[in-house]
Each structure stands twice: as C-alpha cells, then as structure tokens.
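Topology and contacts: notes
Residue strings, one per chain:
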Amino acid sequence: MTDTAQTPVIQLKDVNKHYGPLHVLKDINLTVDKGEVLVIIGPSGSGKSTLCRTINRLETIDSGQILIEGRPLPQEGKALAEVRAEIGMVFQSFNLFAHRTILDNVTMGPVEVLKTPKQQAQDEALVLLDRVGVKEQAAKVPAQLSGGQQQRVAIARSLAMHPKAMLFDEPTSALDPEMINEVLDVMVGLARDGMTMVVVTHEMGFARRVADRVVFMADGAIIEEGAPEEFFTHPKTKRAQEFLDSIKGH
C-alpha cells in the first residue's frame, strides 16, 4: 500500500497532447497534494482547460502518465468510472438535468453510482444545498434558477459524491459579474475546509486570495509556478509579466 498521506492526490508526468498538428500540452509535470488549492492561469488557448480535463480523462493524452493517489488513471470502463466518481468536476456550463428538480440533480449520483439509500441521499443533498446557499430552491428545476444558483447546485452535486478532489474549469466565466462572487465564495469555503482543488480561472483576486500555488501556462506549457503573492508581485519570467500587465487594466 502507498502511504496516501505522502502520495500526491493528482500527479502528471511528462504529459503531452496534440489536436492534429497542434501541440496543446507540452511535457506537463505537476503534482497536487492533499488539501492543496492549485490555481491554473494563463492566456486563452494556453492549454489550461485541456490540462484540467485530462485529469479525469474527459480528454485523452498522447504520452506521459496521470496518477490518482499513486495509481495510473484507468483507460476506460468501470475502473475509470470509479475514479471519475472520486474526482468532482465543475464546468463553465452547469450541465444540470433540465427536467429534474434541483434535489434530484444532487441525489442522482449518490443513489445510482454510490448506491446510497434514497432518503439518506436526500438528507445529505439538503445539507449540501444549504451549504451552497440554495436549499430553498430544492423543488425547482434548473431553468427557474439564476446562473449563479445553478453553478452552486453543480458544486453541491459534485460534493454529494464525497470526492477526493474537485476540478473547476472556468466555473464563473459564463456568469454575470454579480453572480461570480456568490460562486467564488462557495469555493473559498471549500478551500478553507481542506478540499483538494484544481481551479482554472480568470479570477485573479480569487487566485491571489485562495491558492496555495499558482501555475502559469502559455502555449501548452507550464512557464512558471509558485506561491500567489510571489507570482503576482515578482513573476520570474517575461511571459508571466506580460500576461499580468495585460490583465491589469481589466
């Protein structure tokens, strides 16, 4: 048995991916330790989302290795489904089932995948919906909720699976400005509670405040990584400095 206290929750070794002639991930080496909040930033098209999506094999890789708690990520089938159940994923779009209630959306995974008894799943779901601030919406369907509320439901749905880690792929980019903070606040709470998180985001304030480590990507490669304060005040590379300069006006 590997000692999971010492083994990174997520590890990428020499990961490469191409879309045809386009080399979108170039020799990516990255570890995420238990309880760590890793924030990935960089310009559009830098490979951030692709990297995030390889961690639970929504995107396949051409070479290299991805390990979850020291075990290679399965290629397919039941073993892959089990790993996916252990790693929550929150997307730009909320991906809720439109014709099911909010409560049903959150309980489906636990009941169908984890075989949680329905009443227990509902009790746990209501606690989670309360935690993300939408418990009173439990009987509604997604279209009756704002974008920010729907994204918070999507987070609750992931948490209902008791994940070992959570992946967030631009979770606020589809939201109106006034809804962004309500989602980020939930994510801040998760980070404080010790959830292992990989967050791809344009929200630099969040990165600066919540990240244990910031990874800066450009052109498919990790250019720089470090503690947020160090990165934002003294970037080591010209590419990172240019990126930070370009977003200061926004």
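The following refers to the structure shown. Source: prediction; values computed, not measured.

**Looking at the packing of helix 4 (residues 118-131) against helix 5 (residues 147-159)**
- Relative to each other, helix 4 and helix 5 sit at 140 degrees, their axes nearing to 9 Å. In terms of orientation, helix 4 lies oblique with respect to helix 5. The handedness of the crossing between helix 4 and helix 5 comes out as right-handed. The segment helix 4 lies against helix 5, with Leu128, Leu129 and Arg131 engaging Val153, Ala156 and Leu159.
- When the residues that make up the contact of helix 4 with helix 5 are grouped by side-chain class, the tally is five nonpolar, no polar and one charged.

**Considerations on the nonpolar core**
- Formed by 50 residues in total, the largest nonpolar core has its most connected members in Ile41, Leu129, Ile155, Met166, Phe168, Met187 and Met197.
- Examining the composition of this core, we find that nine residues originate from one element, helix 6 (residues 177-192), more than from any other.
- Contact partners of methionine 166, with chain neighbours within four places excluded, come to Gly88, Val90, Ile155, Ser158, Leu159, Leu190, Met195, Thr196, Met197 and Val198.

**What about helix 4?**
- Between its first and last C-alpha atoms helix 4 spans 20 Å; for 14 residues at 1.5 Å apiece the expected length is 20 Å, and the two agree.
- By the burial criterion, the buried members of helix 4 are Ala121, Gln122, Ala125, Leu128 and Leu129. Viewed along the axis of helix 4, the buried residues span an arc of 125 degrees, placing them on a single side of the element. Facing away from the buried side of helix 4 by more than 90 degrees, the exposed set consists of Gln119 and Val127.
- Those residues of helix 4 hidden inside the fold are in contact with helix 3 (102-112) and helix 5.
- Glycine 133 lies just past helix 4 and shows a positive phi near 85 degrees.

**Focus: the pairing of strand 8 (residues 196-200)**
- Summarising burial for strand 8: five of the five residues are buried, a large majority.
- Side chains Thr196, Val198 and Val200 of strand 8 all project onto a buried face; the interleaved residues Met197 and Val199 project onto the opposite face, where all are buried too.
- Bridge count for strand 3 (residues 37-41) against strand 8 is four bridges, and the pairing is parallel. Opposite valine 39, over in strand 8, you have valine 199 as the bridge partner.
- Here strand 7 (residues 165-169) runs beside strand 8; their pairing, made up of five bridges, is parallel. Each residue of the ladder has a partner; that of phenylalanine 168, found in strand 8, is valine 199.
- In this view, the connection linking strand 7 to its parallel neighbour strand 8 by way of helix 6 has right-handed handedness.

Cut-offs used in this document
- Residues numbered from 1 in each chain as written.
- Predicted model: local features only at pLDDT ≥ 70, side-chain atom pairs only at ≥ 80, totals over all residues.
- Heavy atoms only, no water.
- Axes fitted to C-alpha atoms, helices over the stretch in contact; angles between N-to-C directions.
- Helix = DSSP H or I, 4+ residues; strand = E, 2+ residues; numbered from the N terminus.
- Parallel < 35°, antiparallel > 145°, perpendicular 65-115°, else oblique.
- Left-handed = near helix turned anticlockwise from the far one by under 90°.
- Contact = heavy atoms within 4.5 Å.
- Nonpolar A, V, L, I, M, F, W, Y, C, P; charged D, E, K, R; others polar.
- Core = buried A, V, L, I, M, F, W, Y, C linked by side-chain atoms within 4.5 Å.
- Buried < 20%, exposed > 50% of the residue type's maximum accessible area, 1.4 Å probe, protein only.
- Expected span 1.5 Å × (residues − 1).
- Arc of directions from axis to C-beta.
- Pairing = 2+ DSSP bridges.
- Right-handed = clockwise from strand over helix to strand, strands pointing away.

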